[in-house]
Amino acid sequence: MGRTSFSMTASGKVALGVDIGGLKLKNPVMTASGTFGYGIEFSPYMDLNRLGAVVVKGLSLRPRDGNPAPRTIETPCGMLNAIGLQNVGVEAFIDEKLPLLRRFSTRVVANIFGETVREYSEVARRLDGARGVDAVEINISCPNVKKGGMVFGTDPVEASKVVRAVRKATGLHVMTKLSPNVTDIKVMVKAVQDAGTDSISLVNTITGMAVDVEARRAVLATTVGGLSGPAIRPVALRMVWEAAQVARVPIVGVGGIVTARDALEFIIAGATAVQVGTANFLEPDSAVKVIDGIEDYMKRHGIRDVNEIVGSLKTPGPRANPTGSAR
Amino acid sequence: MSNATVIYNEHVGGPFFRMALRWKGRGFRPGQFVMVRVSGALDPLLRRPFGIYDVLGGRKGIEILYKVVGRGTGMLSELDPGDRVDVLGPLGNGFPMVRDPGSLVMVAGGIGVAPFFWLAKGMAGKGRRPVLLYGARTKEEVRLVRPFRAVGVRVRVTTEDGSVGSRGLVTDLLDRELVEGRTVYACGPLGMLMAVSEAARRRGVKCLVSLERAMACGIGVCLGCAVKTRPHPQEQKHYSMVCSDGPVFASEEIDWDSF
Ligand SMILES: Cc1cc2nc3c(=O)[nH]c(=O)nc-3n(C[C@H](O)[C@H](O)[C@H](O)COP(=O)(O)OP(=O)(O)OC[C@H]3O[C@@H](n4cnc5c(N)ncnc54)[C@H](O)[C@@H]3O)c2cc1C
Ligand SMILES: Cc1cc2nc3c(=O)[nH]c(=O)nc-3n(C[C@H](O)[C@H](O)[C@H](O)COP(=O)(O)O)c2cc1C
Ligand code: FES
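Residues numbered from 1 in each chain as written. Chains lettered and ligands numbered in written order. Predicted model: local features only at pLDDT ≥ 70, side-chain atom pairs only at ≥ 80, totals over all residues. Heavy atoms only, no water.

Engineer: Describe the overall build of chain A, listing the residues and the values that go with them.
Structural biologist: Within chain A, the secondary structure is distributed over nine helices and 18 strands. Taken over C-alpha atoms, the radius of gyration comes to 20 Å for chain A, in line with the 20 Å a tight globule of 327 residues would show. In terms of overall dimensions, chain A has a C-alpha envelope of 60 × 55 × 40 Å along the principal axes. Here chain A holds 327 residues, and 54% of them are scored as buried. Considering only contacts within chain A whose residues lie at least 6 apart along the sequence, 70% involve residues at least 24 apart. (Helix = DSSP H or I, 4+ residues; strand = E, 2+ residues; numbered from the N terminus. Rg over C-alpha atoms; globule rule 2.2 N^0.38 Å. Buried < 20%, exposed > 50% of the residue type's maximum accessible area, 1.4 Å probe, protein only. Contact = heavy atoms within 4.5 Å.)

Here it is in C-alpha cells:
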C-alpha cells in the first residue's frame, strides 16, 4: 500500500502531459482522423478543450467527392468503411474550418494525403504557415497513381520518399501514420524514421470485406474497405508493441480504443499517446471518458506521471513461452 | 452511457413496436430522427437511426415506431419499462411546416409512416385536412395508419392484392392528389420514392423525400451515409450526407440514377 498513499499529492492531481517528439500535449488522448470531422462538429457534445489533440479528416490538395454508396457496414464489434477520403480540400480547411478550431486550446493535427509525392508535399507546404495547425499526420495508406495505384504505405521506399518530401515542405511536427496491411511493421517503422518523421501513429484500418449473400454482391460499393473498431484492437496492439521495440521516435497507438483500459493497453505496450476513432460514433465524448479513466487508473495505482507507464510492459518471466507457439 | 428510460414498448402487431422513451431531448422538428444505442455492449456496435414518431406531452420524451428487421431492432423489442438506452439527437433537418394543411400530401409505404405522425398531429384541426396515401403489404401495416385517422388525417390505403383499401400501388392514388399548389412529402421503400418523385416532377408539384442510409455516426462526421446529389451551382459537391444534410431532400436534388 505504501507507494499508493505516499505518491498522492494533496490535491490528488496527476500529470497527464506528454511530449511526442517536440509536440507537447496536455494529455495523451487525441481523436483519430476521419472519425471526428473537423472537430467543431463535436462541440455540442463535449468540451474540445479537454482533448490532447484533434486530428482532422484527411486533407488533399483539391476537394474530393469520395466513393459511391454504400460506404459503411457494421461487422462484429467493428465496421468497414470505404469513404474514399472525401474532404473539403486543404484551402477550404484553412479558410473555413481552422478559424473555428483555433478558438479551442487543443492541439490541431492535420491529416494529409496525396496521390503523388508532390501532392503530399504541396498539402504540407500550404499548412505550414496556417495559424492554429500544430502538426501534420501523413496518411500513407493511399494509392500512388504514378506507380499504378500501388499503396505508398506498404512499400518502405515509397513511404520514405513521402516522408522526406513532407519533412522538407514544412516546419511543423511530422507524424507518419502506418498501415497495418504489411507483413513486417518494423520495416516500415525504420523506413519512416530514417526519412525524418518526428513521431509514428499506427494503425490505420485493416482491409476487409463483407458479402450480401442474398444478392451475392459485395456490400460496399468498392468491394473492399477498411475495418475499424474493437474488432481490430488486439492486432493494432501487437503492431504498436512491435513498432515500439525498434522505434527511436514516440509512438501513437490507434485501433479499437473505446475505454481507458483499452488506451492503457497501448500505453503500457509502448505508445506515448493514443487516438480514439470509431468509439466517437458510439459516444461522442468517448475521448473525454478515456482521459478521465486514465486519470482514475493513475490515482488508483499511485502513478504521478503518465510517462511512468509508457512502455512499462513487464518482460516475460521464466515460465513464459518466448516463441508464442502453442506447445 | 444511457440517458433515456423505456416508459412502454408496445407490440402493435406483426414486426411493429411503438416505444416511449423518457428523455430530455430539446428542439425537435417533425421529420427529424434520433440515434439509439440499444445496449452498452460492443456488438452490435453502432447506434440505430429511428424517426421521431411523436413527442410526449410536457416534452417528457419521445415515441418511436419501429419494425424488427435484424439484431438491433430485435434487441430493442425485448426491452421492458424501466430499461435504459442511450439516445442522441434530435438529428437531421426535418420537414418544413406547410401553411395550409390541406395542401399537404403525405405518401408512405410500410414503416415509412413513422416520421409523419407528429407532423400530421400538429396540423390536424388547423384548417383543411392533410391527406396520407399509404401503401401497405400486410394487415399489420394497415393498422399503422389508425392513429392518423384518429387525429383527423384523410387516409387512403392501397394494398397490392386489394384486400384492404384500393388495389394497386400508392402511386395510383397519387395522380388525383397532384394538383397545383400541393406539396408531396414521401417516405418509404426506394422504388416507391422514385415513382413518387417522377410523378410529382411530371405534374410540376413540389416533392420532398425522406431517405434512409446505413449510418455510423448520425452527425455528419464519418461521411458514410452519402447519397449522390446534383451539384449545387456554387458548391462543387456531388454527395450529400443523409444524416446532416437530410434526411429530407427536395426530390430534384437527388441523382436517382445513382441507386
Ligand atoms: C433517418 C432514418 C430514419 C429511420 N427511421 C426508422 C423508423 O422510424 N422506424 C424503423 O423501424 N426504422 C427506421 N429506420 C431504419 C432503421 O434504422 C433500421 O431498420 C435499423 O437500423 C436496423 O437495425 P437492425 O440491427 O435491426 O438490422 P441489421 O440489418 O442487423 O442492421 C445491420 C446494420 O445495417 C443498418 N441498417 C439496416 N437496415 C437499415 C435501414 N433501413 N436504414 C438504415 N440503416 C439500416 C443498421 O443500422 C446496422 O448498422 C430509419 C433509418 C434512417 C436512416
Ligand atoms: C469512417 C472512417 C474514416 C476514416 N478516415 C481516415 C482518414 O481520412 N485518414 C486517416 O488517416 N485515417 C482515417 N480513418 C482511420 C482511423 O483514423 C483509424 O486509424 C482507424 O479507424 C482505427 O482506429 P479505430 O478502431 O479507433 O477507429 C478512418 C476511419 C473511419 C472509421
Ligand atoms: S452517418 Fe456519419 S456522416 Fe452520416
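Engineer: Residue-level account of the interface of chain B and chain A, with values.
Structural biologist: With 26 residues of chain B at the contact, the number on the chain A side is 29 residues. Counting the surface lost from both chain B and chain A, the interface buries some 2400 Å², and carbon and sulfur atoms represent 62% of this. For the pair chain B and chain A, the interface holds three salt bridges. Residue Glu283(A) is joined to Arg37(B) by a salt bridge in which the shortest nitrogen-to-oxygen separation is 2.8 Å. Summed over the shared surface of chain B and chain A, the result is eight residue pairs in polar contact (both at pLDDT 80 or more). Of all the secondary structure elements, the ones that give two or more residues to the side of chain B that touches chain A are strand S7 (84-91) and strand S15 (239-241) of chain B. It is S7(B) that provides the largest number of residues to the side of chain B that touches chain A, a total of three residues. Among the residues making up the side of chain B that touches chain A, the classes are represented as 17 nonpolar, three polar and six charged. (Buried area = accessible area lost by both parts, 1.4 Å probe. Salt bridge = Lys/Arg side-chain N within 4 Å of Asp/Glu carboxyl O. Polar contact = N/O pair within 3.5 Å; in protein donor to acceptor, adjacent residues only side chain to side chain. Nonpolar A, V, L, I, M, F, W, Y, C, P; charged D, E, K, R; others polar.)

Engineer: Give me the pairing of strand S3 (residues 33-37) of chain B: which residues, what numbers.
Structural biologist: Residues and elements named next belong to chain B. Among the five residues of S3, five are classified as buried, and the element is accordingly described as predominantly covered. Because side chains alternate across S3, one face comprises the buried residues Phe33, Met35 and Arg37, and the other comprises Val34 and Val36, equally buried. Note that S3 and S7 share four bridges and pair antiparallel. Following the sheet pairing, Val36 is matched in S7 by Val87. (Pairing = 2+ DSSP bridges.)

Engineer: How would you sum up helix H6 (residues 233-246) of chain A? Please name residues and give values.
Structural biologist: Residue and element names in this part refer to chain A. For H6, which comprises 14 residues, the first-to-last C-alpha distance of 21 Å matches the rise-based estimate of 20 Å (1.5 Å per residue) to within 8%. Those residues of H6 lying buried are Arg233, Ala236, Leu237, Met239, Val240, Glu242 and Ala243. On its buried side, H6 packs onto helix H5 (185-194), strand S12 (199-202), strand S17 (251-254) and helix H7 (260-269). (Expected span 1.5 Å × (residues − 1).)

Engineer: How would you summarise the packing of helix H4 (residues 156-169) of chain A against H5(A) if you had to cite specific residues and measurements?
Structural biologist: Residues and elements named next belong to chain A. Interhelical geometry of H4 versus H5 gives an angle of 30 degrees and a closest axis separation of 8 Å. Put simply, H4 runs roughly parallel to H5. Judged by the twist between their axes, the crossing of H4 over H5 is right-handed. Seen from H4, the contacting residues are Pro156, Ala159, Ser160 and Val163; seen from H5, they are Val187, Met188, Ala191 and Val192. In the contact of H4 with H5, the residues fall into seven nonpolar, one polar and no charged. (Axes fitted to C-alpha atoms, helices over the stretch in contact; angles between N-to-C directions. Parallel < 35°, antiparallel > 145°, perpendicular 65-115°, else oblique. Left-handed = near helix turned anticlockwise from the far one by under 90°.)

Engineer: For the pattern of salt bridges, give the residues involved together with the corresponding values.
Structural biologist: All names here are of chain A. Enumeration according to the criterion identifies 34 salt bridges over all chains in this entry. The partner of Arg261 in a salt bridge is Asp262, and the shortest N-O contact between them spans 3.6 Å. Residue classification places Arg261 among the exposed positions, given a relative accessible area of 53%. On the accessibility criterion, Asp262 (5% relative accessible area) is buried. In this structure, a network of salt bridges that share partners links the residues Glu91, Glu122, Arg125 and Arg126.

Engineer: Just give me the short version of the domain arrangement of chain B, but keep the residues and values in it.
Structural biologist: Residues and elements named next belong to chain B. Split into domains, chain B comes out as domain 1 (2-91) and domain 2 (101-258). The C-alpha-based centres of domain 1 and domain 2 are spaced at 21 Å. Residue-level contacts link 24 residues of domain 1 with 22 residues of domain 2. Buried area between domain 1 and domain 2, summed over both chains or domains, comes out near 1900 Å², and the portion from carbon and sulfur atoms is 70%. Summed over the shared surface of domain 1 and domain 2, the number is one salt bridge. With a closest N to O distance of 2.8 Å, Lys121 and Asp54 form a salt bridge. (Domains from an automatic or database assignment.)

Engineer: Before we move on, can you summarise the pairing of strand S8 (residues 104-109) of chain B with the specific residues and values?
Structural biologist: All names here are of chain B. Here S8 lies mainly inside the structure; six of its six residues are buried. Burial of the side chains of S8 extends over both faces: Leu104, Met106 and Ala108 are buried on one face and Val105, Val107 and Gly109 on the other. On the question of chirality, the crossover connecting S8 to the parallel strand S9 (residues 131-136) by way of helix H2 (residues 117-123) is right-handed. (Right-handed = clockwise from strand over helix to strand, strands pointing away.)

Engineer: Residue-level account of the packing of aromatic side chains, with values.
Structural biologist: By the definition in use, this model includes 12 aromatic pairs over all chains. Each ring, one from Phe117(B) and one from Phe148(B), has its centre 5.3 Å from the other, and the planes form 75 degrees; the classification is edge-to-face. Of this pair, Phe117(B) sits in helix H2 while Phe148(B) sits in helix H4 (residues 146-150), and the two are 31 residues apart along the sequence. Overall, Phe117(B) belongs to the buried group, its relative accessible area being 5%. Its relative accessible area of 0% is what places Phe148(B) among the buried residues. One aromatic cluster in this structure is built from Phe17(B), Phe50(B) and Tyr66(B). The ring of Tyr239(B) carries Arg71(A) above its face, with NZ or CZ at 4.6 Å from the centroid. (Phe/Tyr/Trp six-rings, centres within 6.5 Å; stacked < 30°, edge-to-face > 60°. Lys NZ or Arg CZ within 6 Å of the ring centre and 35° of its normal.)

Engineer: For the nonpolar core, give the residues involved together with the corresponding values.
Structural biologist: Counting residues in each nonpolar core, the largest one holds 142 residues, and the members touching the most others are Phe93(A), Leu127(A), Leu202(A), Ile294(A) and Val107(B). Ranked by the residues each element gives to this core, the list is headed by helix H9 (residues 286-301) of chain A, at seven residues. Here this core gathers at least three residues from each of two domains, domain 1 (2-91) and domain 2 (101-258) of chain B. The contacts of Ile294(A), once residues within four sequence positions are left out, are Leu16(A), Pro28(A), Val29(A), Ala260(A), Ala263(A), Leu264(A), Ile267(A) and Val306(A). By size, the runner-up hydrophobic cluster in this structure holds 31 residues, among which are Leu104(B), Leu119(B), Val145(B) and Val153(B). (Core = buried A, V, L, I, M, F, W, Y, C linked by side-chain atoms within 4.5 Å.)

Engineer: Explain the sheet that holds S7(B) to me, and be specific about the residues and the numbers.
Structural biologist: All names here are of chain B. Taken in spatial order, the seven strands make up an open sheet running S4-S3-S7-S1-S2-S6-S5, and their pairing is antiparallel. The strands lining the two open edges of the sheet, one partner per strand, are strand S4 (48-51) and strand S5 (54-55). Where S3 and S4 come together, four bridges link them in antiparallel fashion. Counted as the bridge partner of Val34 is Phe50 from S4.

Engineer: Account for the site of ligand 2, with residues named and values stated.
Structural biologist: Near ligand 2 there are 24 residues, and of these Ser33(A), Lys177(A), Gly229(A), Gly256(A) and Thr278(A) occur at the shortest range. With respect to ligand 2, the chains having nearby residues are chains A and B. The contact in question runs from an oxygen atom of ligand 2 to an N or O atom on the backbone of Val203(A), over 3.0 Å. Relative to its free-state accessible area of 610 Å², ligand 2 is covered by the protein chains to the extent of 98%. Across the shell around ligand 2, the residue classes break down as seven nonpolar, 15 polar and two charged. (Near = heavy atom within 4 Å. Areas by Shrake-Rupley, 256 points an atom, 1.4 Å probe, with all protein chains shown as cover.)

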